[in-house]
Amino acid sequence: LILSSDTGEGHNSAARALSEAALSAGWHVSVKKPLEESAAGNRLLGGLYNFLLTYRPGWVGLFASSIEFSKVYEADLFYRHVRRYIQRFIESEEPSAVVSVHPMLNHMIQRWISEQHLQIPCYTFVTDPFPPFWKGWASRYVSRYFVLTDEAGIRLAHDGVDPTRIEQVSMPLRPGFHARSAEEVAELRSGLDVEGETIFVNGGARGGGRLRALVQAVLEAAPTANV
């Protein structure tokens, strides 16, 4: 059972890559989004985050700080409110293992599993390669962490995770990111001015920030480039 969320898109990309790897290894896989599926209030918070990410990216830091200050992802008040949902969720999925790829999904579900003494191992794949990142990644209810870099592991240990529970691995990639053949590369470049520079502008899945103005500025600064 892989836990993800539609806040941003990197989490879902990692979830799909892990799912495809697990399927190729003969596992049965279920990818669920409990943040969006559990309650209207949770959906509202997720929607607000995506709105800020797209239209007010400069405010995301303030939003994140308020979440981390309040620690809503592990608060007893919220936990009591969602316990019955978690019970129904786990009983319907009957997972042999739980893997979270999202910082807000490492606490309440795993806590319920621990309190019920269920023999279901809980893992977390930290999709943020470098700190600073959400303190919500660190949870006492997660039995093992997988990180992409030494720096991520050091940060988790600083946030209270036992270093023996942290393992560094490679980033899982979806098949769409496989290496291209020489013919495919040549076809892509056929529409470009190979003599000029090529500048790739990426605003993320949500298109955060004033992308049109940014692209216009790049075009004016480098009029002969492929943008």
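Details of the structure are given in the entry above.
What counts and what doesn't
- Residues numbered from 1 in each chain as written.
- Predicted model: local features only at pLDDT ≥ 70, side-chain atom pairs only at ≥ 80, totals over all residues.
- Heavy atoms only, no water.
- Helix = DSSP H or I, 4+ residues; strand = E, 2+ residues; numbered from the N terminus.
- Contact = heavy atoms within 4.5 Å.
- Areas by Shrake-Rupley, 256 points an atom, 1.4 Å probe, with all protein chains shown as cover.
- Lys, Arg positive; Asp, Glu negative; His and termini not counted.
- Charge placed at Lys NZ, Arg CZ, Asp CG, Glu CD.
- Polar contact = N/O pair within 3.5 Å; in protein donor to acceptor, adjacent residues only side chain to side chain.
- Salt bridge = Lys/Arg side-chain N within 4 Å of Asp/Glu carboxyl O.
- Buried < 20%, exposed > 50% of the residue type's maximum accessible area, 1.4 Å probe, protein only.
- Expected span 1.5 Å × (residues − 1).
- Pairing = 2+ DSSP bridges.
- Core = buried A, V, L, I, M, F, W, Y, C linked by side-chain atoms within 4.5 Å.
- Phe/Tyr/Trp six-rings, centres within 6.5 Å; stacked < 30°, edge-to-face > 60°.
- Lys NZ or Arg CZ within 6 Å of the ring centre and 35° of its normal.

Caption draft 1: Expanded view of the overall build of the protein chain. What the protein chain contains, in helices and strands, is nine helices and six strands. Dimensions along the principal axes, computed over C-alpha positions, put the protein chain at roughly 65 × 40 × 35 Å. Put simply, of all contacts in the protein chain between residues at least 6 apart along the chain, 57% involve residues at least 24 apart. As displayed, the protein chain has an accessible area near 13,800 Å², and 56% of this comes from carbon and sulfur atoms. Charge-centre separation for the protein chain: the mean point of 22 positive side chains lies 10 Å from the mean point of 25 negative side chains.

Caption draft 2: A look at the environment of arginine 180. Structurally, arginine 180 is set in the loop between β6 (166-168) and α8 (182-189). Within polar-contact distance, the side chain of arginine 180 engages the backbone oxygen of glycine 176 at 2.7 Å.

Caption draft 3: Region of interest: the pattern of salt bridges. Across all of its chains, the model carries nine salt bridges by this definition. Across the pair arginine 16 and glutamate 9 runs a salt bridge, and its minimum N-O distance is 3.5 Å. Glutamate 115 is the partner of arginine 111 in a salt bridge, and the nearest nitrogen-oxygen pair spans 2.9 Å. Here arginine 111 pairs with glutamate 115, and both are found in helix α6 (residues 108-115), just four residues apart, close to one helical turn. Assessed through its relative accessible area of 16%, arginine 111 is described here as buried. Within the structure, one salt-bridge network assembled from shared partners comprises Asp76, Arg111 and Glu115.

Caption draft 4: Layout of helix α1 (residues 10-24). The terminal C-alpha atoms of α1, which comprises 15 residues, lie 21 Å apart, in line with the 21 Å expected from a rise of 1.5 Å per residue. Residues of α1 that are buried include every one of His11, Asn12, Ser13, Ala14, Ala15, Ala17, Leu18, Ser19 and Ala22, and no others. Residues of α1 that are buried in the fold lie against β1 (2-3), β2 (31-32), β3 (98-100) and β4 (122-125). Looking one or two places after α1, you find glycine 26, whose phi comes out positive at around 95°.

Caption draft 5: Representation of the sheet that holds β2 in the model. Within the open sheet, the six strands sit side by side as β2-β1-β3-β4-β5-β6. Their pairing is parallel. Every other strand in the sheet has two partners, leaving β2 and β6 as the edge strands with one partner each.

Caption draft 6: Fine view of the nonpolar core. Counting residues in each nonpolar core, the largest one holds 20 residues, and the members touching the most others are Val126, Trp134, Tyr145 and Leu156. For this core, the secondary structure elements donating two or more residues are α3 (40-55), α4 (60-70), β5 (144-147) and α7 (150-158). Residue contributions to this core peak at four residues, all from α4. The residues touching tyrosine 145, leaving out its near neighbours within four places in the chain, are Thr124, Val126, Trp137, Ala138, Ser139, Leu156, Val161, Arg165, Ile166 and Glu167. Phe89, Ile90, Trp112 and Cys122 belong to the second largest nonpolar core, which has 17 residues in total.

Caption draft 7: Summary view of the packing of aromatic side chains. If you walk through the whole model with that rule in mind, you get five aromatic pairs. Each ring, one from tyrosine 85 and one from phenylalanine 89, has its centre 5.7 Å from the other, and the planes form 10°; the classification is stacked. With tyrosine 85 and phenylalanine 89 both in helix α5 (residues 76-93), this residue pair falls four residues apart, about one helical turn. Judged on exposure class, the residue tyrosine 85 and its partner phenylalanine 89 are both buried. Members of the aromatic cluster, each reached through a chain of ring pairs, are Tyr49, Phe63 and Trp134. A cation over an aromatic ring shows up here: arginine 56 above the ring of tryptophan 59, its NZ or CZ 5.7 Å from the ring centre. The positively charged end of arginine 111 is found above the aromatic ring belonging to tyrosine 79, 4.0 Å away from the centroid.

Caption draft 8: Broad picture of α3. For α3, with 16 residues, the first-to-last C-alpha span of 22 Å sits near the 22 Å given by 1.5 Å per residue. Within α3 the residues assigned to the buried category are Gly46, Tyr49, Asn50, Leu52 and Thr54. Among the structural elements, α4 are those in contact with the buried residues of α3.

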